[in-house]
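# Fold and contact review
Listed here are the chains, written in short residue letters.
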Amino acid sequence: MRRALSRLPRSLVVALVIAVAVMWLLPVIMVVLASVKSSQDFASSGFLDLPKEIAWNNFEMFFGGINIGQKILNSFTISIGAVLISLFLAFPVAYAVSVGKHRLRPVVITLSVLIFLLPVESVAFPIYLLSKMTGQYGSIGFLIMPLGIIGGAFAIFLLANVMNHIPPSLAEAAEIDGANKWQVMWKVVLPLMTPTVLTVALLLFVNNWNEYLLTLLLLPDTASQTVPLAISMVNYGQFGGAPGELVAAASVLAALPSLLVFLFFQRTLVRGITAGTQ
(Lines give C-alpha, C1' and ligand atoms only; values in the text may rest on other atoms or scores of the structure.)
Protein backbone atom coordinates (compact mmCIF):
# COMPACT_ATOMS: atom_id res chain seq x y z
CA MET A 1 0.00 0.00 0.00
CA ARG A 2 2.78 2.41 0.94
CA ARG A 3 4.69 1.63 -2.28
CA ALA A 4 1.58 2.18 -4.38
CA LEU A 5 0.95 5.58 -2.75
CA SER A 6 4.59 6.60 -3.23
CA ARG A 7 4.27 6.07 -6.98
CA LEU A 8 1.30 8.41 -7.29
CA PRO A 9 1.88 12.09 -8.11
CA ARG A 10 1.95 14.27 -5.01
CA SER A 11 -0.85 16.47 -6.34
CA LEU A 12 -3.10 13.42 -6.77
CA VAL A 13 -2.41 12.25 -3.22
CA VAL A 14 -3.22 15.72 -1.87
CA ALA A 15 -6.43 15.80 -3.90
CA LEU A 16 -7.47 12.38 -2.52
CA VAL A 17 -6.78 13.49 1.05
CA ILE A 18 -8.80 16.69 0.55
CA ALA A 19 -11.67 14.68 -0.98
CA VAL A 20 -11.75 12.31 1.99
CA ALA A 21 -11.62 15.25 4.41
CA VAL A 22 -14.56 16.92 2.65
CA MET A 23 -16.54 13.66 2.81
CA TRP A 24 -15.95 13.51 6.57
CA LEU A 25 -16.70 17.20 7.18
CA LEU A 26 -19.81 17.45 4.99
CA PRO A 27 -22.18 15.68 7.43
CA VAL A 28 -20.77 17.74 10.31
CA ILE A 29 -21.40 20.99 8.44
CA MET A 30 -24.93 19.85 7.56
CA VAL A 31 -25.76 19.08 11.20
CA VAL A 32 -24.32 22.37 12.47
CA LEU A 33 -26.27 24.37 9.90
CA ALA A 34 -29.49 22.48 10.63
CA SER A 35 -29.09 23.01 14.37
CA VAL A 36 -29.41 26.79 14.08
CA LYS A 37 -32.31 26.91 11.61
CA SER A 38 -35.89 27.71 12.50
CA SER A 39 -38.64 25.18 11.81
CA GLN A 40 -39.78 27.02 8.68
CA ASP A 41 -36.22 27.52 7.47
CA PHE A 42 -35.37 23.86 8.05
CA ALA A 43 -38.44 22.69 6.10
CA SER A 44 -37.96 25.03 3.12
CA SER A 45 -34.18 25.16 2.64
CA GLY A 46 -31.54 22.68 1.54
CA PHE A 47 -29.18 20.93 3.92
CA LEU A 48 -26.21 23.11 2.93
CA ASP A 49 -28.13 26.39 2.73
CA LEU A 50 -27.15 29.01 5.28
CA PRO A 51 -29.85 29.83 7.85
CA LYS A 52 -31.79 33.05 7.26
CA GLU A 53 -31.45 33.77 10.97
CA ILE A 54 -29.79 32.00 13.85
CA ALA A 55 -32.39 30.08 15.87
CA TRP A 56 -30.75 29.65 19.26
CA ASN A 57 -34.10 28.57 20.66
CA ASN A 58 -33.42 25.07 19.30
CA PHE A 59 -30.78 24.68 22.00
CA GLU A 60 -32.97 26.41 24.59
CA MET A 61 -35.84 24.00 23.88
CA PHE A 62 -33.45 21.09 24.21
CA PHE A 63 -32.11 22.32 27.54
CA GLY A 64 -35.58 23.02 28.84
CA GLY A 65 -37.18 19.82 27.56
CA ILE A 66 -34.89 17.11 28.92
CA ASN A 67 -32.38 18.82 31.24
CA ILE A 68 -29.34 18.24 29.02
CA GLY A 69 -26.97 19.39 31.76
CA GLN A 70 -27.92 16.41 33.93
CA LYS A 71 -27.61 14.06 30.94
CA ILE A 72 -24.11 15.36 30.18
CA LEU A 73 -23.13 14.94 33.83
CA ASN A 74 -24.43 11.35 33.78
CA SER A 75 -22.50 10.59 30.61
CA PHE A 76 -19.30 12.06 32.07
CA THR A 77 -19.73 10.06 35.29
CA ILE A 78 -20.28 6.78 33.46
CA SER A 79 -17.59 7.35 30.82
CA ILE A 80 -14.83 8.48 33.21
CA GLY A 81 -15.73 5.86 35.84
CA ALA A 82 -15.60 3.05 33.29
CA VAL A 83 -12.29 4.34 31.89
CA LEU A 84 -10.70 4.37 35.35
CA ILE A 85 -11.82 0.78 35.99
CA SER A 86 -10.57 -0.34 32.58
CA LEU A 87 -7.11 1.15 33.10
CA PHE A 88 -6.90 -0.08 36.71
CA LEU A 89 -7.56 -3.63 35.51
CA ALA A 90 -5.63 -3.50 32.26
CA PHE A 91 -2.29 -1.89 33.08
CA PRO A 92 -1.03 -4.46 35.64
CA VAL A 93 -2.22 -7.34 33.45
CA ALA A 94 -0.57 -5.88 30.35
CA TYR A 95 2.64 -5.36 32.32
CA ALA A 96 2.61 -8.95 33.60
CA VAL A 97 2.13 -10.56 30.20
CA SER A 98 4.50 -8.24 28.31
CA VAL A 99 7.33 -6.87 30.45
CA GLY A 100 6.95 -9.69 32.98
CA LYS A 101 6.82 -12.32 30.18
CA HIS A 102 4.16 -14.36 31.98
CA ARG A 103 3.64 -17.81 30.47
CA LEU A 104 -0.12 -17.24 30.14
CA ARG A 105 0.35 -14.31 27.74
CA PRO A 106 -1.24 -16.09 24.71
CA VAL A 107 -4.27 -17.06 26.80
CA VAL A 108 -4.72 -13.55 28.24
CA ILE A 109 -4.38 -11.84 24.86
CA THR A 110 -6.78 -14.29 23.21
CA LEU A 111 -9.39 -13.82 25.94
CA SER A 112 -9.01 -10.04 25.72
CA VAL A 113 -9.62 -10.09 21.97
CA LEU A 114 -12.66 -12.35 22.37
CA ILE A 115 -14.17 -10.15 25.09
CA PHE A 116 -13.92 -6.81 23.31
CA LEU A 117 -15.01 -8.33 19.98
CA LEU A 118 -18.02 -9.97 21.62
CA PRO A 119 -21.24 -8.18 20.58
CA VAL A 120 -22.81 -6.28 23.45
CA GLU A 121 -26.16 -7.80 22.49
CA SER A 122 -24.91 -11.25 23.49
CA VAL A 123 -24.21 -10.19 27.10
CA ALA A 124 -26.84 -7.48 27.54
CA PHE A 125 -29.56 -9.80 28.89
CA PRO A 126 -27.32 -11.58 31.45
CA ILE A 127 -26.12 -8.17 32.68
CA TYR A 128 -29.74 -7.03 32.92
CA LEU A 129 -30.67 -10.14 34.96
CA LEU A 130 -27.66 -9.62 37.24
CA SER A 131 -28.72 -6.02 37.92
CA LYS A 132 -32.20 -7.25 38.88
CA MET A 133 -30.87 -10.05 41.10
CA THR A 134 -28.49 -7.73 42.96
CA GLY A 135 -30.99 -4.89 43.32
CA GLN A 136 -28.82 -2.55 41.26
CA TYR A 137 -31.24 -2.04 38.38
CA GLY A 138 -31.27 1.65 37.50
CA SER A 139 -27.92 2.31 39.19
CA ILE A 140 -25.28 4.27 37.32
CA GLY A 141 -22.61 2.63 39.48
CA PHE A 142 -23.65 -0.83 38.31
CA LEU A 143 -23.53 0.20 34.64
CA ILE A 144 -19.95 1.41 35.07
CA MET A 145 -18.74 -2.10 35.99
CA PRO A 146 -19.55 -4.01 32.74
CA LEU A 147 -18.40 -1.07 30.63
CA GLY A 148 -15.13 -1.00 32.58
CA ILE A 149 -14.57 -4.75 32.16
CA ILE A 150 -15.31 -4.74 28.43
CA GLY A 151 -13.09 -1.68 27.95
CA GLY A 152 -10.39 -3.31 30.07
CA ALA A 153 -10.14 -6.18 27.59
CA PHE A 154 -9.45 -3.72 24.76
CA ALA A 155 -6.95 -1.85 26.92
CA ILE A 156 -5.06 -5.07 27.79
CA PHE A 157 -4.71 -5.95 24.12
CA LEU A 158 -3.44 -2.53 23.07
CA LEU A 159 -1.21 -1.81 26.07
CA ALA A 160 0.37 -5.28 26.00
CA ASN A 161 1.33 -4.94 22.35
CA VAL A 162 2.91 -1.53 22.91
CA MET A 163 4.75 -2.72 26.04
CA ASN A 164 6.42 -5.41 23.94
CA HIS A 165 8.54 -2.62 22.42
CA ILE A 166 9.99 -1.58 25.79
CA PRO A 167 13.58 -2.88 26.04
CA PRO A 168 13.88 -5.56 28.77
CA SER A 169 17.17 -3.95 29.83
CA LEU A 170 15.24 -1.04 31.38
CA ALA A 171 13.38 -3.28 33.80
CA GLU A 172 16.52 -5.31 34.49
CA ALA A 173 18.53 -2.18 35.28
CA ALA A 174 15.84 -0.95 37.67
CA GLU A 175 15.77 -4.32 39.44
CA ILE A 176 19.56 -4.28 39.78
CA ASP A 177 19.21 -0.87 41.46
CA GLY A 178 16.89 -2.48 44.01
CA ALA A 179 13.43 -1.77 42.55
CA ASN A 180 10.76 -4.45 42.98
CA LYS A 181 8.19 -5.42 40.33
CA TRP A 182 5.65 -2.82 41.45
CA GLN A 183 8.22 -0.02 41.45
CA VAL A 184 9.38 -1.02 37.97
CA MET A 185 5.80 -0.94 36.72
CA TRP A 186 4.86 2.44 38.24
CA LYS A 187 8.17 4.34 38.12
CA VAL A 188 9.76 2.97 34.93
CA VAL A 189 7.12 1.51 32.62
CA LEU A 190 4.21 3.87 33.34
CA PRO A 191 6.09 7.10 32.44
CA LEU A 192 7.12 5.51 29.14
CA MET A 193 3.55 4.38 28.49
CA THR A 194 1.82 7.64 29.40
CA PRO A 195 0.99 8.68 25.78
CA THR A 196 -0.42 5.24 25.01
CA VAL A 197 -2.39 5.10 28.26
CA LEU A 198 -3.95 8.48 27.52
CA THR A 199 -4.75 7.34 23.98
CA VAL A 200 -6.49 4.22 25.26
CA ALA A 201 -8.35 6.35 27.82
CA LEU A 202 -9.55 8.71 25.08
CA LEU A 203 -10.77 5.86 22.85
CA LEU A 204 -12.55 4.21 25.76
CA PHE A 205 -14.08 7.52 26.83
CA VAL A 206 -15.61 8.12 23.40
CA ASN A 207 -16.86 4.53 23.22
CA ASN A 208 -18.45 4.75 26.68
CA TRP A 209 -19.94 8.16 25.89
CA ASN A 210 -21.71 6.71 22.84
CA GLU A 211 -22.91 3.53 24.59
CA TYR A 212 -26.63 3.09 23.96
CA LEU A 213 -27.89 -0.47 24.46
CA LEU A 214 -26.72 -1.08 28.03
CA THR A 215 -27.80 2.39 29.15
CA LEU A 216 -31.22 1.80 27.58
CA LEU A 217 -31.60 -1.52 29.43
CA LEU A 218 -30.16 -0.57 32.80
CA LEU A 219 -31.19 3.08 33.28
CA PRO A 220 -34.99 3.37 33.05
CA ASP A 221 -35.18 6.53 35.18
CA THR A 222 -35.17 9.74 33.17
CA ALA A 223 -32.93 11.47 35.72
CA SER A 224 -30.15 8.89 35.24
CA GLN A 225 -30.25 8.71 31.44
CA THR A 226 -27.31 9.69 29.23
CA VAL A 227 -26.89 11.95 26.22
CA PRO A 228 -27.43 9.24 23.53
CA LEU A 229 -30.73 8.29 25.17
CA ALA A 230 -31.73 11.96 25.29
CA ILE A 231 -31.05 12.32 21.57
CA SER A 232 -33.17 9.27 20.78
CA MET A 233 -36.04 10.78 22.79
CA VAL A 234 -35.82 14.01 20.81
CA ASN A 235 -35.64 12.00 17.59
CA TYR A 236 -39.08 10.54 18.35
CA GLY A 237 -40.49 14.00 18.87
CA GLN A 238 -41.47 13.52 22.50
CA PHE A 239 -40.88 17.18 23.35
CA GLY A 240 -42.82 18.86 20.57
CA GLY A 241 -41.70 21.01 17.64
CA ALA A 242 -40.23 19.88 14.35
CA PRO A 243 -37.80 17.08 15.25
CA GLY A 244 -35.22 17.76 12.53
CA GLU A 245 -33.59 20.89 13.91
CA LEU A 246 -33.93 19.64 17.50
CA VAL A 247 -32.14 16.40 16.68
CA ALA A 248 -29.40 18.42 14.98
CA ALA A 249 -29.05 20.68 18.02
CA ALA A 250 -28.95 17.65 20.32
CA SER A 251 -26.28 16.03 18.15
CA VAL A 252 -24.11 19.15 18.30
CA LEU A 253 -24.41 19.35 22.08
CA ALA A 254 -23.69 15.63 22.45
CA ALA A 255 -20.60 15.77 20.23
CA LEU A 256 -19.04 18.83 21.89
CA PRO A 257 -17.62 17.11 25.01
CA SER A 258 -15.95 14.32 23.01
CA LEU A 259 -14.64 16.86 20.50
CA LEU A 260 -13.16 19.06 23.23
CA VAL A 261 -11.50 16.06 24.88
CA PHE A 262 -10.05 15.00 21.54
CA LEU A 263 -8.74 18.50 20.75
CA PHE A 264 -7.19 18.80 24.20
CA PHE A 265 -5.37 15.44 23.90
CA GLN A 266 -4.69 15.60 20.14
CA ARG A 267 -0.89 15.53 20.34
CA THR A 268 -0.93 12.82 22.98
CA LEU A 269 -3.28 10.77 20.78
CA VAL A 270 -0.90 10.92 17.82
CA ARG A 271 2.08 10.03 20.04
CA GLY A 272 0.18 7.11 21.56
CA ILE A 273 -0.90 5.70 18.20
CA THR A 274 2.65 5.83 16.81
CA ALA A 275 4.35 4.60 20.01
CA GLY A 276 4.20 0.95 19.00
CA THR A 277 5.80 1.59 15.61
CA GLN A 278 8.88 3.37 16.90
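Residues numbered from 1 in each chain as written. Predicted model: local features only at pLDDT ≥ 70, side-chain atom pairs only at ≥ 80, totals over all residues. Heavy atoms only, no water.

With that settled, consider the overall build of the protein. Each helix and strand counted, the protein has 14 helices and zero strands in total. In the protein, buried positions account for 36% of the 278 residues. Accessible surface for the protein amounts to roughly 16200 Å². Of this, 70% is attributable to carbon and sulfur atoms. (Helix = DSSP H or I, 4+ residues; strand = E, 2+ residues; numbered from the N terminus. Buried < 20%, exposed > 50% of the residue type's maximum accessible area, 1.4 Å probe, protein only. Areas by Shrake-Rupley, 256 points an atom, 1.4 Å probe, with all protein chains shown as cover.)

This paragraph deals with the packing of aromatic side chains. The geometry of an aromatic ring pair is captured by the separation of the ring centres together with the interplanar angle, meaning the angle of the planes. Evaluated as defined, the whole model comprises eight aromatic pairs. With a centroid separation of 5.7 Å and an interplanar angle of 50°, the aromatic rings of Phe116 and Phe157 are classed as tilted. Of the two residues, Phe116 is situated in helix α6 (residues 105-117) and Phe157 in helix α8 (residues 140-163); the sequence distance between them amounts to 41 residues. Between Phe205 and Trp209, the ring centres sit 5.8 Å apart and the planes meet at 35°, which makes this aromatic pair tilted. In this pair, Phe205 and Trp209 are both assigned in helix α10 (residues 181-209), four residues apart and thus about one turn of the helix distant. Residue class for Phe205 comes out buried when judged on its relative accessible area of 6%. Overall, the relative accessible area of 2% leaves Trp209 in the buried class. Grouped by ring-pair contacts, the aromatic residues Phe76, Phe205 and Trp209 constitute a single cluster. (Phe/Tyr/Trp six-rings, centres within 6.5 Å; stacked < 30°, edge-to-face > 60°.)

It is worth spelling out the confidence of the model for the protein at this point. Per-residue pLDDT for the protein averages 82, and the proportion of residues at 70 or more is 87%. The element-level mean pLDDT for the protein is lowest in helix α1 (residues 2-7), coming to 59, with α8 highest at 92. (pLDDT = per-residue confidence, 0-100.)

Another point: the environment of Phe262. On the secondary structure map, Phe262 appears in helix α13 (residues 243-264). Residue classification places Phe262 among the partly exposed positions, given a relative accessible area of 32%. In this structure the C-alpha to C-alpha distance between Phe262 and Thr199, which are 63 residues apart in sequence, comes to 9.6 Å.

In this section: helix α2 (residues 10-35). Across its 26 residues, α2 extends 38 Å between first and last C-alpha, which sits within 8% of the 38 Å expected from 1.5 Å per residue. Listing the buried residues of α2 in full gives Leu33, Ala34 and Ser35. (Expected span 1.5 Å × (residues − 1).)

This part takes up the pattern of salt bridges. Across all of its chains, the model carries one salt bridge by this definition. Across the pair Lys181 and Glu175 runs a salt bridge whose closest N-O atoms are separated by 2.9 Å. Owing to a relative accessible area of 32%, Glu175 belongs among the partly exposed residues under this scheme. (Salt bridge = Lys/Arg side-chain N within 4 Å of Asp/Glu carboxyl O.)

Time to look at the packing of α8 against α10. Contact geometry of α8 with α10 gives a least axis separation of 10 Å together with a crossing angle of 145°. Note that α8 runs across α10; the crossing there is right-handed. Side by side, α8 and α10 meet where Leu147, Gly151, Phe154, Ala155, Leu158, Leu159, Val162 and Met163 of the first sit next to Val189, Met193, Thr196, Val197, Val200, Leu203, Leu204 and Asn208 of the second. Per-class residue counts for the contact of α8 with α10 are 13 nonpolar, three polar and no charged. (Axes fitted to C-alpha atoms, helices over the stretch in contact; angles between N-to-C directions. Left-handed = near helix turned anticlockwise from the far one by under 90°. Contact = heavy atoms within 4.5 Å. Nonpolar A, V, L, I, M, F, W, Y, C, P; charged D, E, K, R; others polar.)

In this structure, Phe91, Leu159, Met163, Val189, Met193 and Val227 are the most contacted members of the largest nonpolar core, which totals 38 residues. At the level of secondary structure, the elements contributing two or more residues to this core comprise α5 (68-98), α8, α9 (168-176), α10, α12 (227-235) and α13. Considering every element that reaches this core, the biggest residue donor is α10, with ten residues. Apart from the residues within four sequence positions on either side, Met163 is in contact with Phe91, Ala94, Tyr95, Ser98, Val99, Val189 and Met193. In terms of nonpolar packing, the next biggest core, distinct from the first, is built from twelve residues, Ile78, Ala124, Leu143 and Leu219 among them. (Core = buried A, V, L, I, M, F, W, Y, C linked by side-chain atoms within 4.5 Å.)

This brings us to a nonpolar patch on the surface. The grouping of Leu25, Leu26, Ile29, Phe47 and Leu48 at the surface amounts to a nonpolar patch, some 490 Å² of accessible area in total. With respect to the secondary-structure elements, Leu26 resides in helix α2. Classification of Leu26 as partly exposed rests on a relative accessible area of 35%. (Patch = residues over 30% accessible without salt bridge, like charges linked within 9 Å, V, L, I, M, F, W, Y side chains within 5 Å.)

Another aspect to go through is the side chain of Gln225. Inspection of the secondary structure puts Gln225 in the loop between α11 (213-218) and α12. Not counting the four nearest positions on each side in its chain, Gln225 is found in contact with Lys71, Asn74, Leu219, Pro220 and Met233.

For the rest of this paragraph, the subject is the packing of α6 against α8. Interaxial distance between α6 and α8 falls to 8 Å at its minimum, and their mutual angle equals 135°. As summarised for this structure, α6 and α8 are arranged oblique, according to the angle between their axes. Relative to α8, α6 is oriented so that their crossing is left-handed. Touching Arg105, Val108, Ile109, Ser112, Val113, Ile115 and Phe116 of α6 are Ile150, Ala153, Phe154, Ile156, Phe157, Ala160 and Asn161, all from α8. (Parallel < 35°, antiparallel > 145°, perpendicular 65-115°, else oblique.)

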